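Fold and geometry: a report
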Amino acid sequence: MSRNKELLARRREIVPRAVYNTVPVFIATGSGSLLTDVDGRKIIDFAGGLGVLNVGHCHPKVVEAIRDQAGRCIHTCFHITMTEPYVELAEKLCALTPGDFPKMALFLSSGAEAVENAVKIARYATGRPAIVTFENAFHGRTLLAMSLTSKVKPYKYGFGPFAPEIYRIPFGDADRFEDLLINHVAPESVAAVIAEPVQGEGGFLTPPPDFFPRLAELCCEHGILFIDDEVQSGMGRTGRMFAIEHSNVVPDLVVCAKSLAAGLPLSAVVGRREIMDAPHVGGLGGTFGGNPVACRAALAVLEVFAEERLLEKAVSLGAKLERRLQAWKRNFKVVGELRGIGSMRAFELVKPTADGPRPSKRSAIRLIELCLERGLLVLSCGAHGNTIRMLMPLAIPDDLLERGLSIIEECLRELETSKGDRDGE
Ligand code: PLP
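No experiment lies behind these values; they were computed from the predicted model shown.

How each quantity is defined
Every residue gets a number counted from 1 within its own chain, in the order that chain's sequence is written. Where local features are concerned, this predicted model is filtered to residues with pLDDT of at least 70; where side-chain atom pairs are given and counted, the filter is 80 or more; whole-chain, interface and lining totals use all residues. Remark: hydrogens and water are excluded; side-chain values derive from all non-hydrogen atoms of the structure. Using a grid of 1 Å spacing that covers the protein atoms alone, one calls a set of points a cavity when a 1.4 Å probe fits there but cannot get out, and a pocket when the set is open and has protein on both sides within 12 Å along at least five of seven lines; lining residues are those with an atom within 4 Å of a point. Grid points are joined across faces, edges and corners, and a volume is the space filled by probe spheres set on the points. Under the convention adopted here, Pro, Cys and the residues Ala, Val, Leu, Ile, Met, Phe, Trp and Tyr are nonpolar, Asp, Glu, Lys and Arg are charged, and Gly plus all remaining residues are polar. Helix and strand definitions here come from DSSP, where helices need a minimum of 4 consecutive H or I residues and strands a minimum of 2 consecutive E residues; each element is numbered from the N-terminal end. The cut-offs for exposure are 20% and 50% of the maximum accessible area for each residue type, with area from a 1.4 Å probe on protein chains only; residues under the lower value are buried, those over the upper are exposed, and the others partly exposed. Being near a molecule or strand, for a residue, means having at least one of its heavy atoms within 4 Å of it. For this analysis, a polar contact is any N or O atom pair within 3.5 Å, provided that within protein one partner can donate a hydrogen and the other can accept it, and provided that sequence-adjacent residues contribute only side-chain to side-chain pairs. Residue-level accessible areas treat just the shown protein chains as cover; the underlying method is Shrake-Rupley with a 1.4 Å probe. What counts as a salt bridge is simple: a side-chain nitrogen of Lys or Arg found within 4 Å of a carboxyl oxygen of Asp or Glu.

Taken as a whole and judged by the stated rule, the model has 2 cavities of 30 Å³ or more. Reported here for the largest cavity is a volume of approximately 50 Å³. For the largest cavity, the full set of lining residues is Asn 136, Ala 137, Phe 138, Lys 151, Tyr 155, Glu 201, Gly 202, Gly 382 and Ala 383. Its residues placed into classes, the lining of the largest cavity shows 4 nonpolar, 3 polar and 2 charged. Considering the residues around the second largest cavity, the lining is formed by His 75, Thr 76, Cys 77, Phe 78, Thr 83, Thr 287, Phe 288, Gly 289, Gly 290, Asn 291 and Pro 292.

In structure tokens:
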């Protein structure tokens, strides 16, 4: 029996099925854009640990920072005694996030936890209860974050009741926000709007260019805060450090996680000083948030971005991906809409029907299987589960990128010629 199969059997006995796995593979090592599984098989990684490895697996600089800090002090809890990396990282993130005004930063351990804290801060600072969120949004799996999330199955089904005072409108149409404030909730009751500049789990959806400026204008008019969830779109993925920079909108609060610390659990809320500093002493925090090892990893990530010009690499990777995706759209009937900006790119898989193309989740599942057979890891997303997203490390070497894209192309050809898609989705 292979080591993968043996571990899978043990996993099935002891870990609940709800904790899903995209592919039945156990990884032994990761380096740059390559994974090696427990049976010694090499896999090109276009998933990046779900958008966490923008600097690549085990970047030597990050590993060195982690080793060094682990040898000095692993944990104190910032509420008990403080450590310098927390303060240094806060200073750096405050300088990096959009907005030329005094800011403050707070660290937590996961994206969901940072979203929850951003909401707590917004409610406290405004004294208002309501939060506005969007269709196709994903903000995490804890109770409040899940309540802000849109897709019902698998994220919400059976896990209610949900947090109150959450209002949801379609993404991309600021008129619907105005309508909401007339027909559903008074602007004086709304603490914040929370949005992803590019909806990640929702399918790499981008709104029309005037959407965020208009939304920000309405927020400003009514004293409503704008929370920018950059958990997936941030840390350079779109070619700017934060995706909201593409629309020139300055958020009041920015939420970061995933690629912030290259795989160590770290998230942040960064925002206007007067808002961040509103809650009373002891109102915010947690045992592990801003752990010094994770903060040192994040400081190393920021150095890697500067030294290796990763933002420029994200732009050129994005251009290469766009060219390739455009060619697939021209050449394959199973490829539908192309989505995203910079290197945050995705394509839909569709089933051509007499009434036009229909989303095909089954094709996405099959494509992931076919790619894995050929040594490439890809992920799906989207409301219909039919969108394939690109989240490879930003400095992926050209030969691995080319090999990975050629594998996808071969698999698209196989999907197109097979009669497998009878799912009627
Ligand atoms: N917000 C966005 C936009 C995300 O994409 C995610 C995770 O995918 C989260 C929040 C939740 O982050 P975490 O899984 O670290 O709790």
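On we go from here.
Moving on, we get to the environment of Arg 330. Within the fold, Arg 330 resides in helix α11 (residues 310-331). Overall, the relative accessible area of 63% leaves Arg 330 in the exposed class. Residues Arg 330 and Lys 313, spaced 17 residues apart in sequence, show a C-alpha to C-alpha distance of 26 Å.

Attention now goes to the site of the ligand. Around the ligand, the surrounding shell consists of Ser 110, Gly 111, Ala 112, Phe 138, His 139, Gly 140, Glu 196, Glu 201, Asp 229, Val 231, Gln 232 and Lys 258. At 2.7 Å, a side-chain N or O of Asp 229 approaches a nitrogen atom of the ligand. Contact between the ligand and Gln 232: an oxygen atom at 2.9 Å from a side-chain N or O atom of the residue. Contact with the protein chains hides 83% of the accessible area of the ligand, taken as 390 Å² for the molecule alone. Looking at the shell around the ligand residue by residue, the class counts come to 3 nonpolar, 5 polar and 4 charged.

In this structure, the second largest pocket encloses a volume near 420 Å³. The wall of the second largest pocket is formed by 18 residues, among which Tyr 86, Leu 106, Met 276, Asp 277 and Leu 284 lie closest to the centre. Per-element tally for the lining of the second largest pocket: the top contributor is strand β4 (residues 103-108), with 4 residues. Looking at the lining of the second largest pocket residue by residue, the classes come out as 10 nonpolar, 7 polar and 1 charged.

Before going further, it helps to examine the pattern of salt bridges. Enumeration over the complete set of coordinates arrives at 22 salt bridges. A salt bridge links Glu 348 to Arg 339; the shortest N-O distance between them is 3.4 Å. Judged on exposure class, the residue Glu 348 and its partner Arg 339 are both buried. Three or more residues joined by partner-sharing salt bridges are found here, namely Arg 324, Glu 402, Glu 409 and Arg 413.

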